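Architecture and fold: a report
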Amino acid sequence: MTEQRCGVVAVIGAPNAGKSTLVNQLVGQKVAITSAKAQTTRARMLGIALHGPQKPTTQMILVDTPGIFAPRRRLDRAMVSAAWEGAESADAIVLLVDPVKQRRHELEPLLEALAGRPERKILVLNKVDISKKEPLLALAQELSQKVDFAEIFFISALNGEGVGEMKDALAALMPDGPWMYPEDQVSDASERLLAAEITREQLYRQLHEELPYDSAVRPELYQHRPDGSLEIHQQIVVARESQRPIVLGKGGQRIKAIGEAARTELAELLGVKVHLFLHVKVLENWSEDKELFEEMGLDWVK
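Below, the structure is looked at part by part. The model shown is predicted, which means the values in this text are computed figures rather than measured ones. (Residues numbered from 1 in each chain as written. Predicted model: local features only at pLDDT ≥ 70, side-chain atom pairs only at ≥ 80, totals over all residues. Heavy atoms only, no water.)

Broken down by element type, the protein carries 9 helices and 9 strands. Across the 302 residues of the protein, 52% fall into the buried class. Restricting the contact set of the protein to residue pairs at least 6 apart, pairs at least 24 apart contribute 72%. Surface summary for the protein: the accessible area is close to 13,900 Å², and the carbon and sulfur share equals 51%. (Helix = DSSP H or I, 4+ residues; strand = E, 2+ residues; numbered from the N terminus. Buried < 20%, exposed > 50% of the residue type's maximum accessible area, 1.4 Å probe, protein only. Contact = heavy atoms within 4.5 Å. Areas by Shrake-Rupley, 256 points an atom, 1.4 Å probe, with all protein chains shown as cover.)

For the rest of this paragraph, the subject is the pattern of salt bridges. What the rule picks out here adds up to 12 salt bridges. Arg-225 is the salt-bridge partner of Glu-231, the closest N and O atoms lying 3.0 Å from each other. Connected through shared salt-bridge partners, Arg-104, Glu-108, Glu-142 and Lys-146 make up one network. (Salt bridge = Lys/Arg side-chain N within 4 Å of Asp/Glu carboxyl O.)

Let's shift gears to the environment of Phe-154. Mapped onto the elements of the fold, Phe-154 is located in strand S6 (residues 151–154). The class of Phe-154 is partly exposed, set by a relative accessible area of 31%. Once the C-alpha coordinates of Phe-154 and Leu-123 are considered, the two residues, 31 residues apart in sequence, prove to be 8.6 Å apart. Setting aside its immediate chain neighbours within four residues, Phe-154 contacts Leu-125, Val-128, Leu-136, Leu-137, Ala-140, Glu-161 and Gly-162.

Among the structural elements, Lys-19 can be located in helix H1 (residues 19–27). Distance in space between the C-alpha atoms of Lys-19 and Leu-95 is 9.2 Å, their sequence separation being 76 residues. Within the local environment of Lys-19, its side chain forms a polar contact with the backbone oxygen of Gly-13, the two atoms lying 3.3 Å apart. (Polar contact = N/O pair within 3.5 Å; in protein donor to acceptor, adjacent residues only side chain to side chain.)

Here you go:
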């Protein structure tokens, strides 16, 4: 019997560094939502990556932390709190840096906070497929003078380049111990929450700049019908009456397209037929609503 290893890897970085894309690469399928808008990962979405030469022997619980940024509103504070909480019990911390955008104002506080932490830290520079080599090496050298990184990797989260070697190194850092999850489980986000995340991703993808961050998707009903198909009802929550028509679109076309795209993806992900029902609700101060926060898998932070 091969010895099992199991550990927690916190993936942190400035917003939009490519964390969700990396988690999806490591797991081998989609578990975290990826979106071009920063700050879309709100809950501590876990991905579970397996690793082993022939048969998996190591299980890595990937904590896909929300991008850590200067929190202004309660929603932001909850997201940042979730991120650091995710890093606290980790066996390794991966700092993912986008060398193209860098986002120094968000990277510097992260480096300062990381410098004093006891965990094994790994620096991962993303987007090697579109970056020049010399500046990349210079950046790696500069960052490793600020934090004692155990290892440095150059990868492309998008096309998977370098991710294999990085995964080998992470697996080697995991302590001996029994697996925390069954082999066929890739995420601990309940299906209800995952379904809401997928709808929210479509909301952002299709409405880009028109809809600000003060929108949310609230799970309402999630039940299996006798024929094995799934019935899901969700509420799209917006903060202002003027945002309702944006989500609905002309003659309800926009919400229909959002629902259709989310339904297709969910059916593929869950392997069953899905009936998805969406409606829009205006709740002016929803981001001050404790109950709603908890429904979305976030901790209420004062």
